[in-house]
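The primary structure of each chain is shown beneath.
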Amino acid sequence: MFRLFARGRQAKRVLQPQARPLQPAPRMAARQRASSSAASVEQLSQPEPWPRDVGILALEVYFPSRYVEQAELERYDGVEAGKYTLGLGQKQMGFCAAHEDINSLCLTVAQRLVERSRLSWDAIGRLEVGTETIIDKSKAVKTVLMQLFQASGNTDVEGIDTTNACYGGTASLFNSAAWVESSAWDGRYAMVVCGDIAVYATGNARPTGGAGAVAMLVGPNAPLALERGVRGTHMEHAYDFYKPDLASEYPVVDGKLSIQCYLRALDQCYAVYRRKIQRQWQNVGVDKPFTLDDFQFLVFHTPFCKLVQKSVGRVLLNDFLAAPSPDTQHGLYQGLQAFRGLKLEDTYSDKEVEKAFQKASLEMFNQKTKPSLLLAARNGNMYTPSVYGCLASLLAQHSAQQLAGSRIGAFSYGSGLAASLFSLRVSQDAAPGSPLDTLVSSLSDLQTRLDARKRVPPEEFAGIMKQREESHHLVNHTPAGSREDLFPGTWYLEQVDDKHRRQYARRPL
Ligand code: ACO
């Protein structure tokens, strides 16, 4: 629930519980008035202030109502007990039946964000979708979501879909923030929707699947502001995971290579991020190295939780190798002397290094990152929404007071490959009813919602995967799946006609 108000020249927008539905922002209203008055022409030509603290104002998560236990999946797949649960760090995996597709997932999460926030659809001036779940080579998911705007009459909504594996959501977030900071901004909010159905063919990648969607409201004066000028990005050409077969939902994946690419991208992004933020610090007279400790929290794209635990160790390894003379007799780096002088690029498959730095960073992992893995451990890899599901999990498990003033690092990785490390600065104001408090409270039911899902035996899960394979791209078709199992308010695919046109319906709230 949102409230707008103006303070001085600059429009301020604050999320408030139990407030009136959102009105057009003061800045836009000023422009509309200006067009009808000669005196206002001068007002229009004056430079307006750069919006402050552009970032995430509200966040909504959708995950499927059914899951399979990873321990049961181990038995069903005939692998050693502990491989998926301890080895990969996964507890459960959410999945969709054939009557959920990428459009229905995104419809559900977008509508949920607007309804729960008491937003009006015409308060949104940009909508971006990040996804790699392609069911149409031309028509964007974004255009399907425009059905939600229909009753409001708002068609003035920029933005379309962005695709590159699990990175599309981050590209959409960056685009949306850039729009708010640009000359094209009309004073309204941007919405970012990212969603995917992460399914693999039978085999060792299947337990690293999942499904879900996240919607984020982007605007100025946000409780989670994107820190400016410090993003570290790494992009290169790799065939680690890709989807060349457009007739199948399944990717072609080189699992080991994808892990190496992920860790290499993390090294590269961290080096760039560190360099940029240190330069900013030097400009204000602070001369010290940036280290893992400067992130109060750190969230990652999470293909499986164990990789994230290793990644925190990897960041510590970066700090250790960059430090001119780390103390290996005491403290954090105690006993790590043998690893001095290593080259990062020689260590990607070095288990000894991995274990040593995982152990050294354990406490930091527990404090900064482990709470962010709630959804990833219980729902699996959601692809584009994964890192934002981690952000939601982190917020859901801390109070506004615990988060206030902190820096949250976020590493986003999409195979192929595109990766960025960026950071969010949490607002200082954690008072009851503050935007931060409202955001955090809105996610407090995450655990309860996860508990409310239905457990399905692996045999049934495998049967549903088969059903999805067989119905993928069928025409004149009503997909199978029980509507009663869906959470209230969930959109589902009702029918595909002879021209591949899809029709959706919503389970009543
Ligand atoms: N008890 C405890 N641990 C076990 C057991 C057991 N009984 N058996 C195996 N393990 C451990 C292994 O030692 C290994 O841990 P380690 O890497 O720390 O040594 C872990 O379980 C996994 O076992 P592997 O044999 O390495 O697994 P496998 O190679 O069969 O598959 C993989 C893992 C490659 C991740 C696969 O699931 C996959 O391809 N997934 C999709 C790709 C992916 O997610 N890539 C990540 C980035 S790209 C993206 O996000 C899509």
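From a predicted model like this one, the values you see are computed outputs, not experimental measurements.

**Student:** Can you walk me through the overall build of the protein chain in this structure?
**Tutor:** The number of helices and strands found in the protein chain is 17 helices and 19 strands. Taken over C-alpha atoms, the radius of gyration comes to 23 Å for the protein chain, in line with the 23 Å a tight globule of 509 residues would show. Principal axes of the C-alpha set define a box for the protein chain whose edges measure 75 × 65 × 40 Å. A burial count over the protein chain gives 58% of its 509 residues as buried. Relative to all contacts within the protein chain whose residues are 6 or more apart in sequence, the contacts with residues 24 or more apart total 73%. With an accessible surface of roughly 21300 Å², the protein chain has 51% of that area assigned to carbon and sulfur atoms. Of note, the protein chain has its 58 positive side-chain charges centred 4 Å away from the centre of its 53 negative side-chain charges.

**Student:** Help me understand the site of the ligand in this model?
**Tutor:** Around the ligand, the structure places 24 residues, and the nearest of them are K83, N204, K256, S258 and K310. In this structure, E80 approaches the ligand through a side-chain N or O atom, which is 3.1 Å from a nitrogen atom. In the environment of the ligand, an oxygen atom lies 2.7 Å from a nitrogen or oxygen atom belonging to the side chain of K83. Starting from 1000 Å² of accessible surface for the ligand in isolation, the protein chains cover 79%. Given that more than half its atoms are within 2 Å of the pocket grid, the ligand belongs to the largest pocket. Mapped by element, the contributors of at least two residues to the shell around the ligand are helix 4 (83–87) and helix 8 (255–283).

**Student:** Just to check I follow, could you spell out the layout of surface pockets for this structure?
**Tutor:** Where empty space is left can be seen by rolling a probe of water-molecule size over the atoms. Space inside the largest pocket adds up to approximately 970 Å³. In this structure, the largest pocket is lined by 34 residues; those nearest its centre are L88, G255, K256, I259 and F304. If one sorts the elements of the lining of the largest pocket by residue count, helix 8 sits on top with seven residues. Looking at side-chain class alone, the lining of the largest pocket contains 15 nonpolar, 11 polar and eight charged residues.

**Student:** Before we go on, may I ask you to explain the pairing of strand 6 (residues 124–130) in this structure?
**Tutor:** Regular strands place their side chains on alternate faces of the sheet. Counted residue by residue, strand 6 has seven buried out of seven residues, so it is predominantly covered. Pairing between strand 6 and strand 8 (residues 189–198): six bridges, direction parallel. Opposite G130, over in strand 8, you have C194 as the bridge partner.

**Student:** Help me out: how do you make sense of the domain arrangement of the protein chain in this one?
**Tutor:** Reports often express the size of an interface as the amount of accessible area lost when the parts come together. If you check the domain split of the protein chain, you get domain 1 (46–223 + 451–506) and domain 2 (232–431). Each of domain 1 and domain 2 was reduced to a C-alpha centroid, and the two centroids are 24 Å apart. Across the boundary between the two partners, domain 1 contributes 54 residues, which contact 45 residues of domain 2. Across the domain 1/domain 2 interface, buried area totals approximately 3800 Å², and carbon plus sulfur atoms make up 57% of it.

So, how was this worked out
Residues numbered from 1 in each chain as written. Predicted model: local features only at pLDDT ≥ 70, side-chain atom pairs only at ≥ 80, totals over all residues. Heavy atoms only, no water. Helix = DSSP H or I, 4+ residues; strand = E, 2+ residues; numbered from the N terminus. Rg over C-alpha atoms; globule rule 2.2 N^0.38 Å. Buried < 20%, exposed > 50% of the residue type's maximum accessible area, 1.4 Å probe, protein only. Contact = heavy atoms within 4.5 Å. Areas by Shrake-Rupley, 256 points an atom, 1.4 Å probe, with all protein chains shown as cover. Lys, Arg positive; Asp, Glu negative; His and termini not counted. Charge placed at Lys NZ, Arg CZ, Asp CG, Glu CD. Near = heavy atom within 4 Å. Polar contact = N/O pair within 3.5 Å; in protein donor to acceptor, adjacent residues only side chain to side chain. 1 Å grid on protein atoms, 1.4 Å probe; cavity = no way out; pocket = protein on both sides within 12 Å on 5 of 7 lines; lining within 4 Å. Sits in = over half its atoms within 2 Å of the grid points. Points joined across faces, edges and corners; volume = space filled by probe spheres on them. Nonpolar A, V, L, I, M, F, W, Y, C, P; charged D, E, K, R; others polar. Pairing = 2+ DSSP bridges. Domains from an automatic or database assignment. Buried area = accessible area lost by both parts, 1.4 Å probe.

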